[in-house]
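Spelled out from the first residue to the last, the chains are:
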Amino acid sequence: MPLKDERLSYIQLLSNYDNNANVCIALFKELVSSYGYNGSYEDVELVDRLFSFCETIFSSKATGKVFIYLCLHGAATPLTLHHRLGIPEASVYRALRRLKSLGLAQPAIKFSCPGVRGGPRPTVWMLRNADPSDVAKAAEVHKRLLSPKYRFAEEVAQTILDKFMAEGSREISYKELLLYVRELRVPFNASDVADIVAWHLQERGIKVWR
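Small disclaimer: the values here were computed from a predicted structure and weren't measured.

A few points about the overall build of the protein
Thinking step 1. In terms of regular secondary structure, the protein is built from 10 helices and 5 strands.
Thinking step 2. Within the span of the protein, comprising 210 residues, buried residues form 33% of the whole.
Thinking step 3. Sequence separation of at least 24 residues holds for 57% of the intrachain contacts in the protein that already meet a minimum separation of 6.
Thinking step 4. Element-wise, carbon and sulfur atoms account for 54% of the exposed surface of the protein, whose accessible area totals about 13,500 Å².

A few points about the environment of Arg 84
Thinking step 1. Mapped onto the elements, Arg 84 comes out in helix 5 (residues 78-85).
Thinking step 2. Taking the C-alpha atoms as reference points, Arg 84 and Tyr 69, separated by 15 residues in sequence, lie 9.1 Å from one another.
Thinking step 3. Setting aside anything within four residues of it in sequence, one finds Arg 84 in contact with Tyr 69, Val 141, Tyr 150 and Glu 154.
Thinking step 4. A polar contact is formed between the side chain of Arg 84 and the side chain of Tyr 69, at a distance of 3.4 Å.

Topic: a nonpolar patch on the surface
Thinking step 1. On the surface, Val 23, Phe 28, Phe 58, Ile 68 and Leu 72 cluster together into a nonpolar patch covering about 390 Å² of accessible area.
Thinking step 2. Summarising the element assignment, Ile 68 is placed in helix 4 (residues 61-73).

Some words on the nonpolar core
The nonpolar side chains of soluble globular proteins are, as a tendency, buried together.
Thinking step 1. Among the nonpolar cores identified, the biggest contains 24 residues, and Tyr 174, Leu 177, Val 197, Leu 201 and Val 208 are the most heavily contacted of them.
Thinking step 2. Secondary structure elements with two or more residues in this core: helix 7 (132-145), helix 8 (148-167), helix 9 (174-183) and helix 10 (190-203).
Thinking step 3. At 7 residues, helix 10 tops the list of elements feeding residues into this core.
Thinking step 4. Excluding its chain neighbours within four sequence positions, the residues that come into contact with Val 197 are Ala 153, Val 156, Ala 157, Ile 160 and Leu 177.
Thinking step 5. Membership of the second largest hydrophobic core comes to 20 residues, among which are Phe 53, Cys 54, Leu 81 and Leu 99.

Focus: helix 7
Along an α-helix, a turn takes 3.6 residues, which lines up residues three or four apart on a common side.
Thinking step 1. The terminal C-alpha atoms of helix 7 lie 20 Å apart, and with 14 residues this matches the ideal 20 Å at 1.5 Å per residue to within 8%.
Thinking step 2. Among all positions in helix 7, only Val 135, Ala 138, Ala 139, Val 141, His 142 and Leu 145 are buried. One face of helix 7 carries all of its buried residues, which in axial projection span an arc of 160 degrees.

Examining the pattern of salt bridges
Thinking step 1. Enumeration according to the criterion identifies 3 salt bridges in this entry.
Thinking step 2. For the salt bridge of Asp 192 with Lys 149, the shortest nitrogen-to-oxygen distance reads 3.1 Å. A residue pair is termed long-range when its members are at least 10 positions apart, and Asp 192 in helix 10 and Lys 149 in helix 8 qualify at 43 residues.

Quick notes on the packing of aromatic side chains
Thinking step 1. Overall, the coordinates contain 1 aromatic pair when judged by the stated rule.
Thinking step 2. An angle of 45 degrees between the planes, with centres 5.9 Å apart, marks the rings of Phe 152 and Phe 188 as tilted. Of this pair, Phe 152 sits in helix 8 while Phe 188 sits in the loop between helix 9 and helix 10, and the two are 36 residues apart along the sequence.
Thinking step 3. Judged by relative accessible area, which is 27%, Phe 188 ranks as partly exposed.
Thinking step 4. Between the NZ or CZ atom of Lys 207 and the centre of the ring of Trp 209, over which it lies, the distance is 4.9 Å.
Thinking step 5. Lying across the ring of Tyr 174, Arg 210 places its NZ or CZ 4.1 Å from the centre.

A look at the packing of helix 9 against helix 10
Thinking step 1. At a minimum axis distance of 9 Å, the contact between helix 9 and helix 10 shows a crossing angle of 125 degrees. In terms of orientation, helix 9 and helix 10 fall into the oblique class. Seen from above, helix 9 lies across helix 10 with right-handed handedness. For the pair formed by helix 9 and helix 10, the contact residues are Tyr 174, Leu 177, Leu 178, Val 181 and Arg 182 on the first element and Ala 190, Ser 191, Val 193, Ala 194, Asp 195, Val 197, Ala 198 and Leu 201 on the second.
Thinking step 2. Split into classes, the residues belonging to the contact of helix 9 with helix 10 amount to 10 nonpolar, 1 polar and 2 charged.

Things to note about the sheet that holds strand 3 (residues 123-127)
Paired through backbone hydrogen bonds, the strands of a sheet run either parallel or antiparallel to each other.
Thinking step 1. Overall, antiparallel pairing links the 3 strands, which are arranged 1-3-2 in an open sheet. Edge positions in the open sheet fall to strand 1 (75-76) and strand 2 (105-110), since each of these has one partner strand only.
Thinking step 2. Pairing analysis gives 2 bridges linking strand 1 to strand 3, with the strands arranged antiparallel. Directly across from Ala 75, in strand 3, lies its bridge partner Met 126.

The rules we used
- Residues numbered from 1 in each chain as written.
- Predicted model: local features only at pLDDT ≥ 70, side-chain atom pairs only at ≥ 80, totals over all residues.
- Heavy atoms only, no water.
- Helix = DSSP H or I, 4+ residues; strand = E, 2+ residues; numbered from the N terminus.
- Buried < 20%, exposed > 50% of the residue type's maximum accessible area, 1.4 Å probe, protein only.
- Contact = heavy atoms within 4.5 Å.
- Areas by Shrake-Rupley, 256 points an atom, 1.4 Å probe, with all protein chains shown as cover.
- Polar contact = N/O pair within 3.5 Å; in protein donor to acceptor, adjacent residues only side chain to side chain.
- Patch = residues over 30% accessible without salt bridge, like charges linked within 9 Å, V, L, I, M, F, W, Y side chains within 5 Å.
- Salt bridge = Lys/Arg side-chain N within 4 Å of Asp/Glu carboxyl O.
- Core = buried A, V, L, I, M, F, W, Y, C linked by side-chain atoms within 4.5 Å.
- Expected span 1.5 Å × (residues − 1).
- Arc of directions from axis to C-beta.
- Phe/Tyr/Trp six-rings, centres within 6.5 Å; stacked < 30°, edge-to-face > 60°.
- Lys NZ or Arg CZ within 6 Å of the ring centre and 35° of its normal.
- Axes fitted to C-alpha atoms, helices over the stretch in contact; angles between N-to-C directions.
- Parallel < 35°, antiparallel > 145°, perpendicular 65-115°, else oblique.
- Left-handed = near helix turned anticlockwise from the far one by under 90°.
- Nonpolar A, V, L, I, M, F, W, Y, C, P; charged D, E, K, R; others polar.
- Pairing = 2+ DSSP bridges.

As structure tokens, this is what we get:
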């Protein structure tokens, strides 16, 4: 299929998912805004500049995914990006260095993790002009991801969320949730896992009845 047809098919596919389209529009409006558009450019000049800029970023799939994640969350650690996006750590670091060279992202803070000894302290990377609260949240997400119990609960939450999205349901009882976790026979306290799963579901708009 010619490249032009591939791009047209992608645009048509995206247009079928209003939610995805709205997210993309919001992200790129933010990009245009951060670029400093004030009406002084001719449209064709601005479009050409932005297209060239985006093409530079998205020539690498890893860099593009990391950039979009940072647009959505403001900040993250390399560990978080590796787990959440499924990108090899080496690719994550290359993407962050690329975004830094473009002036889009920068190291924000180094922090210590309780119970972890030795080795370099993890670094939170932030999108340019990210809110300080995004940086603090990114550090907390990193600390949680060091816990096998938390990572397992996150996977369970995603499995349940996928099922709910397929069925169109937006609520579940905590009792049902706890029963589901117990049936998995996990090597963790079932109530602890259920609590974490419930928090994740509520963060994603699923009502958990107590």
